[in-house]
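Spelled out from the first residue to the last, the chains are:
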Amino acid sequence: MIIELQGYKINLPDVPKDRTQIDNWDKPKKDQYFVRPYQMEDDEFDNLSPAKQDEIRRIETERRVLGYWFYNNGVATYMTGNAYFYFTYWKIGGMSPLFIMNQLEDFYFDYYCDNDPMCLGSIRMKPRQEGCTQRRLSAYCNQAMLNFHQYYGIQSKTGGDAEEKNFDQLVMSFADLPEWMKPEVQSPNFPPHKSLIFGKQRNSNKKAGRYLNSKIDWEATVKNGYDGATLNKILLDEGSKWEGANVYETWNILRPALEKRKGKCYMLSTVGETNEDSVEAWRTLWRQSDYNKRNQNGYTTSGLYRWFI
């Protein structure tokens, strides 16, 4: 199934031939809308039989990886795995996000970028309080809990923002997830304020083969904060407002390492007050990220694709 959004032809999975595999198939059109499929409290899950618990783990993990289909006002609608995780499990300030179709389309764009070998990630312009940063943080968390040996980094307008507005909020939302879903965290004290590592705790009796050894952390707003790091993904938040560093120079330092690991960058910024040096660096990257203008190797000049929310 191909849909076109902002000039991108996004190839999504085909609609299942068996309509009974699409949630809401047995409801009248007026009652077809997204309702979080999983809403159990931890004690309710704990009281289930081991076989039922295993079935839920399997179904929910498949949805977090492969995605989820439901009827929305008569239309068979696909959620990517990251979108399913966000709308079903993620909490912002203790509250679940509303389902908004435009936000689902934002996940479609991520899906497109993630599956395009000629794309190193995205650069986004967005309005304030739209939720774009939270969606990227939730995708970080979902992917880090599903894959081994991943390293995801965060930088923002300032080091304080990277810690408080990005990393700390990710950790709080992670804490709200169902207990059965959480991998073991390698930290003597929770919550951590620098690195969230899914690995072995000291004095743990679990078998080593079960540890993901994946890591999410943040760095100060300096251009070489992640220089030499073996990153799989990097979130560069509020790129047009950076203080003390230039997001254009930072990206050119990070790019070779991401290319080697086939990694991706999430670069985003709101429209608002900024300084001229930062916004000019952002404008340059935006101009260099036109999908329709590529070099002889098939890349845009920046390696990124641009997206306007």
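Per chain, the residues get numbers from 1 upward, laid out in the order the sequence is written. The predicted origin of the model limits local features to residues at a pLDDT of at least 70 and limits the giving and counting of side-chain atom pairs to 80 or more, whereas totals for whole chains, interfaces and linings rest on all residues. The side-chain figures draw on all heavy atoms in the structure; neither hydrogens nor water molecules are used.

Draft legend 1. Representation of the overall build of the protein chain in the model. For the purposes of this entry, the term helix denotes a DSSP run of H or I that reaches at least four residues, the term strand denotes a run of E that reaches at least two, and both are numbered from the N terminus. Counting its regular elements, the protein chain contains eight helices and 11 strands. Referenced to the eigenvectors of the C-alpha coordinate spread, the extents of the protein chain come out at roughly 60 × 50 × 35 Å. If you sum the accessible surface of the protein chain, you get close to 15,400 Å²; carbon and sulfur atoms cover 48% of it. Counted as positive: Lys and Arg. Counted as negative: Asp and Glu. His and the chain ends are not counted at all. The atom standing in for a charge is NZ when the residue is Lys, CZ when it is Arg, CG when it is Asp and CD when it is Glu. Of the charged side chains in the protein chain, 41 are positive and 41 negative, and the gap between their average positions amounts to 4 Å. Only the protein chains shown count as cover for residues, with accessible areas throughout obtained via the Shrake-Rupley method and a probe of 1.4 Å.

Draft legend 2. Examining the pairing of strand S3 (residues 68-72) more closely. Burial status follows relative accessibility: with a 1.4 Å probe on protein chains alone, a residue under 20% of its type maximum counts as buried, one over 50% as exposed, and anything between as partly exposed. For S3, the buried fraction is high: four of the five residues fall into the buried class. Taken together, the five bridges between S3 and strand S4 (residues 75-79) define a ladder with antiparallel strand orientation. Looking at S4, one finds that asparagine 72 is bridged to valine 75. Strand pairing requires that DSSP identify at least two bridges connecting the strands.

Draft legend 3. Representation of helix H5 (residues 132-146) within the structure. An expected span of 1.5 Å times one less than the residue number is assigned to each helix. Spanning 15 residues, H5 covers 21 Å between terminal C-alpha atoms, matching the ideal 21 Å at 1.5 Å per step. H5 sits mainly inside the fold: 14 of its 15 residues count as buried.

Draft legend 4. Geometry of the packing of helix H4 (residues 101-114) against H5. At their nearest, the axes of H4 and H5 sit 11 Å apart, and the two run at 50 degrees to each other. Accordingly, the angle class assigned to the pair H4 and H5 is oblique. Here the hand of the crossing between H4 and H5 comes out right-handed. Each of Gln103, Asp106, Phe107 and Asp110 in H4 lies in contact with H5, whose residues at this interface are Cys132, Arg135, Arg136 and Ser138. Here the axes come from fitting lines to C-alpha atoms, over the contacting stretch only for helices, and the angles between their N-to-C directions go from 0 to 180 degrees. Working rule for angles: under 35 degrees goes down as roughly parallel, over 145 as roughly antiparallel, 65 to 115 as roughly perpendicular, anything else as oblique. When the near helix sits turned anticlockwise from the far one by under a right angle, the crossing is termed left-handed; a clockwise turn instead gives a right-handed crossing. Any two residues whose heavy atoms approach within 4.5 Å are treated as being in contact.

Draft legend 5. Examining the packing of helix H2 (residues 50-66) against helix H3 (residues 81-89) more closely. Relative to each other, H2 and H3 sit at 125 degrees, their axes nearing to 5 Å. For the element pair H2 / H3, the angle class is oblique. Residue-level inspection shows Glu60, Arg63, Arg64 and Val65 of H2 in contact with H3, the latter providing Gly81, Asn82, Tyr84, Phe85 and Tyr89. Each residue receives one of three labels: charged for Asp, Glu, Lys and Arg, nonpolar for Ala, Val, Leu, Ile, Met, Phe, Trp, Tyr, Cys and Pro, and polar for the others, Gly being one of them. Of the residues in the contact of H2 with H3, the class split is four nonpolar, two polar and three charged.

Draft legend 6. Quick peek at the packing of aromatic side chains. Note on ring pairs: Phe, Tyr and Trp rings are taken, using the six-membered ring of Trp, and paired if centres are within 6.5 Å. Classes follow the plane angle, with under 30 degrees stacked, over 60 edge-to-face and the rest tilted. One pass over the full model with this rule turns up 33 aromatic pairs. Ring centres of tyrosine 140 and tyrosine 152 lie 4.9 Å apart, and the angle between their planes is 40 degrees; this geometry places the pair in the tilted category. Note that tyrosine 140 is positioned in helix H5 and tyrosine 152 in strand S6 (residues 151-155), a separation of 12 residues in sequence. Each ring is checked for a lysine NZ or an arginine CZ that lies within 6 Å of its centre and within 35 degrees of its normal; such an atom marks a charge sitting over the ring. Looking at arginine 136, its charged tip hangs above the ring of phenylalanine 107, at a distance of 5.8 Å from the centre. If you follow lysine 194 out to its NZ or CZ, it ends over the ring of tryptophan 218, 4.2 Å from the centre.

Draft legend 7. Helix H8 (residues 276-287), seen in detail. The end-to-end C-alpha distance of H8 is 16 Å, a good match for the 16 Å that 12 residues give at a rise of 1.5 Å each. When H8 is considered as a whole, its buried residues turn out to be Ser278, Val279, Ala281, Trp282, Thr284 and Leu285. Here the buried face of H8 lies against strand S5 (121-126), helix H7 (247-261) and strand S10 (264-270).

Draft legend 8. Focus on the sheet that holds S10. Across the sheet, which stays open at both edges, the seven strands sit in the order S7-S8-S6-S9-S10-S5-S11 with mixed pairing between neighbours. Two strands lie at the open edges of the sheet, namely strand S7 (195-198) and strand S11 (305-308), each paired on one side alone. Within the sheet, the average angular offset between the axes of one strand and its neighbour, ignoring direction, is 10 degrees. Bridge count for S5 against S10 is six bridges, and the pairing is parallel. Bridge assignment links serine 122 to a residue of S10, and that residue is tyrosine 266. Lying over the sheet, H5 contacts S5, S6, S7, strand S8 (214-218), strand S9 (233-237) and S10, oriented at roughly 165 degrees with respect to S9. Against the sheet, H8 contacts S5, S10 and S11, and its axis sits at roughly 125 degrees relative to S5.

Draft legend 9. Geometry of the pattern of salt bridges. We define a salt bridge as a side-chain nitrogen of Lys or Arg found within 4 Å of a carboxyl oxygen belonging to Asp or Glu. The final tally for this structure, using the stated rule, is 22 salt bridges. The salt bridge partner of glutamate 259 is arginine 255, with a shortest N-O separation of 3.3 Å. On the criterion of helical spacing, the pair formed by glutamate 259 and arginine 255 is a turn pair, its members being four residues apart in helix H7. Relative accessible area serves as the criterion here: at 34%, glutamate 259 is assigned to the partly exposed category. A network of salt bridges, in which partner residues are shared, links Asp106, Asp110, Arg124, Glu130, Arg135 and Arg136.

Draft legend 10. Layout of the side chain of serine 278. Counting through the fold element by element, serine 278 comes out in helix H8. Once residues lying within four places of it in the same chain are set aside, the contact partners of serine 278 are Gly239, Ser240, Lys241, Trp242 and Ala245.

Draft legend 11. Local environment of the pairing of strand S1 (residues 2-5). Judged from the four bridges that link them, S1 and strand S2 (residues 8-11) form a sheet pairing that is antiparallel. Its bridge partner being in S2, leucine 5 is matched across the sheet by tyrosine 8. Connecting S1 to the antiparallel partner S2 that follows it, the hairpin turn spans two residues, and glutamine 6 within it adopts a positive phi of roughly 50 degrees.

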